[in-house]
Amino acid sequence: MKTLVLGATDNPDRYAYRAVHALQTHGHEVVPVGIRKGAVGGLPIHTDRPQETGIDTVTLYVGPQNQPGWYDYILGLKPRRILFNPGTENPELEELAQKQGIETEEACTLVLLSIGQY
């Protein structure tokens, strides 16, 4: 499965950094997208909006106040689901996604991976 990590960073203290590594460890293809250039898990962080296909999950590490500028991009990827990690919950984006048939889940990517529920 291919996961787009929105809010990816090369800062090892951030959960988005840990998520990229955990996803890779569990065999998932990862597309890191962030606001600053860098690399994580041996992958370049895209600072543009790559038009990826086959995205199963978008996992969010961007606060709700910074999400509106990403709505069209996220929804345009047509992922199967969007994961709202703690602190990223956003009823507006959840509703927009659900109207397009995209599953939404308020959950921690790291926890889901650790319990085999990703």
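If you're wondering where the values come from, they're calculated on a predicted model, not measured in any experiment.

Caption draft 1: Structural context of the sheet that holds strand β5 (residues 55–60). Strand order in this open sheet of five strands is β2-β1-β5-β6-β7, and the pairing throughout is parallel. Since the sheet does not close on itself, it has two edges, and those belong to β2 (29–33) and β7 (103–106), each with one partner. Along the sheet, successive strands turn relative to each other by an average axial angle of 20°, direction set aside. Inspection of the sheet shows β5 paired to strand β6 (residues 81–84) by four bridges, in the parallel sense. Its bridge partner lying in β6, leucine 60 is registered against phenylalanine 84. Set on the sheet, helix α1 (residues 15–25) makes contact with β1 (2–6) and β2; between it and β1 the angle comes to about 170°.

Caption draft 2: Seen up close, the packing of aromatic side chains. Under the definition given, this model contains one aromatic pair. With a centroid separation of 5.9 Å and an interplanar angle of 65°, the aromatic rings of tryptophan 70 and tyrosine 73 are classed as edge-to-face. Both residues of the pair, tryptophan 70 and tyrosine 73, count as buried. Sitting above the plane of the tryptophan 70 ring, arginine 49 keeps its charged end 3.9 Å from the centroid. Sitting over the face of the ring of tyrosine 118, arginine 81 holds its NZ or CZ atom 4.5 Å from the ring centroid.

Caption draft 3: How the structure looks around the pattern of salt bridges. Applying the stated criterion across every chain yields a total of five salt bridges. Put simply, aspartate 56 and arginine 80 hold a salt bridge, and the shortest N to O gap is 2.7 Å. Highlighted residues: aspartate 56 in strand β5 and arginine 80 in the loop between α2 (71–76) and β6, separated in sequence by 24 residues. Given the relative accessible area of 12%, aspartate 56 is considered buried. In this structure arginine 80 comes out as partly exposed when scored by relative accessible area, which is 35%. For glutamate 105, the salt bridge goes to arginine 81, with nearest N and O atoms at 3.5 Å. Of this pair, glutamate 105 sits in strand β7 while arginine 81 sits in strand β6, and the two are 24 residues apart along the sequence. A residue is classified by how much of its surface remains accessible, and glutamate 105, at 29% relative accessible area, is partly exposed.

Scoring rules and cut-offs
Residues numbered from 1 in each chain as written. Predicted model: local features only at pLDDT ≥ 70, side-chain atom pairs only at ≥ 80, totals over all residues. Heavy atoms only, no water. Pairing = 2+ DSSP bridges. Helix = DSSP H or I, 4+ residues; strand = E, 2+ residues; numbered from the N terminus. Axes fitted to C-alpha atoms, helices over the stretch in contact; angles between N-to-C directions. Contact = heavy atoms within 4.5 Å. Phe/Tyr/Trp six-rings, centres within 6.5 Å; stacked < 30°, edge-to-face > 60°. Buried < 20%, exposed > 50% of the residue type's maximum accessible area, 1.4 Å probe, protein only. Lys NZ or Arg CZ within 6 Å of the ring centre and 35° of its normal. Salt bridge = Lys/Arg side-chain N within 4 Å of Asp/Glu carboxyl O.

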